[in-house]
Every structure is written in C-alpha cells, then in structure tokens.
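Chains, contacts and geometry: an overview
In case you want the letters, here they are:
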Amino acid sequence: MDSGDSKIVTAQNDKLTVVGNTDPRLHDSRKVWIADDETTIVGVYGEGTTLEVTANWGMPFEGFTPGQHFQMIGGGIQAKEGLTMVKTWNTYQIWQYNEPHRFNLELKLYALRDPDLEVMEPLRVLERMIAPDIGSFHGAPGRIAKSLQVKIGTNVLYQPLILNSISVPFDKETDSQGRYVRCTVNLTLSTNTMVSKEMLKRGFGIQSNYYSNASS
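This text gives an overview of the structure that appears in the document. (Residues numbered from 1 in each chain as written. Predicted model: local features only at pLDDT ≥ 70, side-chain atom pairs only at ≥ 80, totals over all residues. Heavy atoms only, no water.)

Here's the deal with the nonpolar core
Put simply, the rule is: In this description, a nonpolar core means a group of buried Ala, Val, Leu, Ile, Met, Phe, Trp, Tyr and Cys residues linked to one another through side-chain atoms lying within 4.5 Å. Buried means the residue's accessible area, taken with a 1.4 Å probe over protein chains only, is under 20% of the maximum for its type, while exposed means over 50%, and partly exposed covers the values in between. Counting from the N terminus, the helices are the DSSP runs of H or I reaching at least four residues and the strands are the DSSP runs of E reaching at least two.
Counting residues in each nonpolar core, the largest one holds 29 residues, and the members touching the most others are Ile34, Leu107, Leu187 and Leu189. For this core, the elements supplying multiple residues, two or more each, are β2 (31–35), β3 (39–45), β7 (102–110), α2 (115–130), β8 (148–152), β9 (156–167) and β10 (182–191). Counting residues per element, this core draws most heavily on α2, at six residues.

Right under this line is the structure:
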C-alpha cells in the first residue's frame, strides 16, 4: 500500500488491531477498511456499496397566490369553473441544504483459516464501534460513539464518518462450533456535515489530501 495513506491503511502497526480478511489472493482494489483509533476491520465491499448525495430544494411560494385569503372561495371557483390562480413562479424552487453524504456499504466477510479472527471478531468490533460509552445512572459523563475512517479500494478515503446502522443476518454458514464462516453485513454511514465544494477541492473522497479538522 502507498506510504502516504492515512492511519486506516497503516493499521498493521503495534497500536491498532487488525481483524477480518486475510485472503492473500484478494487485491487491495476489492477491499474495504473500516477503522477507529483502536481497531481496523478489513473486508470485501460488495455490489450493493453506494454513495448517496441528496440536495434539498423547496417551493416556498407554492401556497402564495392573490386569492390565498379567499381559499375556500377560490377552491369553489376552481371546482366549478376549472380555473386556478397558481402560476409557474409558485413552483420556483429554493435550495435549502444538502444532506450529509450517505454511504450504503455491503461488507463481505469470510473465513479461510480462523472464523473468530476473520468473521466473528469483525462483527463484535462493529457493535463496539456503534455503541456509546455510557454508564447506567451515576458517575462521570459518557462518550458518544467515535467517528470512523473508511477506505474503499485503493483510491477512496472518507473520514470522519458516523456509523448509523448495522444489519447482520443470522441465517449464514457456520462451522461445527456455530461460528460464522461467511457473512455479508449491510452498513449505513454518513458524514458529520454536508460536503461543500471547498471540502471536495481539498480532496474529500480522494486518498491523498483531505483531512477534516474534526478528525485531527
């Protein structure tokens, strides 16, 4: 791997634990890395892996017409005569905001030698990644779940991301001890904020340049 990659890619050092895929036949371009500051999960990203970008536009003038104060009368005229006071400018759209980038990640895990390391432990780590660190009632304030870094293939690095949901099926192949030997996990992640042009120009989603202030 490139030496310029972030800590998510150099997770094979002494500070971070690496779990998941160990298949030497698998090229890095088919792998995905998911990491916090303690553990990196390595898996294969599936065909259902997508990025969603949504811009929200509204029509603030849709209900504004000269006859709006006489809505019932106008409604009666429309029903009887088939006339309307609505004009094209009533449907003029105004940009409101972009939603944070949303990622639907299909994470494929399979075991070649050790189901615990390659499948079961990544599933346990994902649950820890999404869980907050809080007490039951008394004591010091808790902490929310940590932001994550996600690297897809050899070219795309996203950070920081929020892990929104995990979907793990129970009806998968197991060994004699009941451990999964193959499992496809569906994850939903999102950015902390909307992604601006400035962030894209600085390299968001490109492996080499972008580092958010929120993750430094």
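Digging into a nonpolar patch on the surface
The test is simple: A residue counts toward a patch only above 30% relative accessible area and without a salt bridge, and it is joined to like-charged neighbours within 9 Å or, for Val, Leu, Ile, Met, Phe, Trp and Tyr, to nonpolar neighbours within 5 Å. Note on areas: Shrake-Rupley with a 1.4 Å probe; residue coverage comes only from the protein chains shown. Salt-bridge detection follows one rule: a side-chain nitrogen of Lys or Arg within 4 Å of a carboxyl oxygen of Asp or Glu.
Together, Trp57, Trp95, Tyr97 and Met194 make up an exposed nonpolar region whose accessible area comes to about 420 Å². Within the secondary structure, Trp95 is located in strand β6 (residues 94–98). Residue Trp95 is classed as partly exposed on the basis of its relative accessible area of 39%.

Re α2
Quick reminder of the rule: For a helix, the expected span equals 1.5 Å multiplied by the residue count minus one. Bend at a residue means the angle formed by two fitted axes: the first through the 7 residues ending at that position, the second through the 7 residues beginning there. Identification of polar contacts relies on pairs of N or O atoms within 3.5 Å, with a donor-acceptor requirement for protein atoms, meaning one able to donate a hydrogen and the other able to accept it, and with residues adjacent in sequence counted only if both atoms are side-chain atoms.
Its 16 residues place the ends of α2 22 Å apart at the C-alpha level, agreeing with the 22 Å of an ideal helix rising 1.5 Å per residue. The principal kink in α2, of about 35 degrees, is found at Glu121, preceding the proline Pro122 by one to four residues. Those residues of α2 not exposed but buried are Pro115, Glu118, Val119, Met120, Glu121, Pro122, Leu123, Val125, Leu126 and Met129. If you check the start of α2, you find a side-chain oxygen 3.0 Å away from the backbone N of Asp116, and it comes from Asp114.

Shape is all these values report; function is a separate question.
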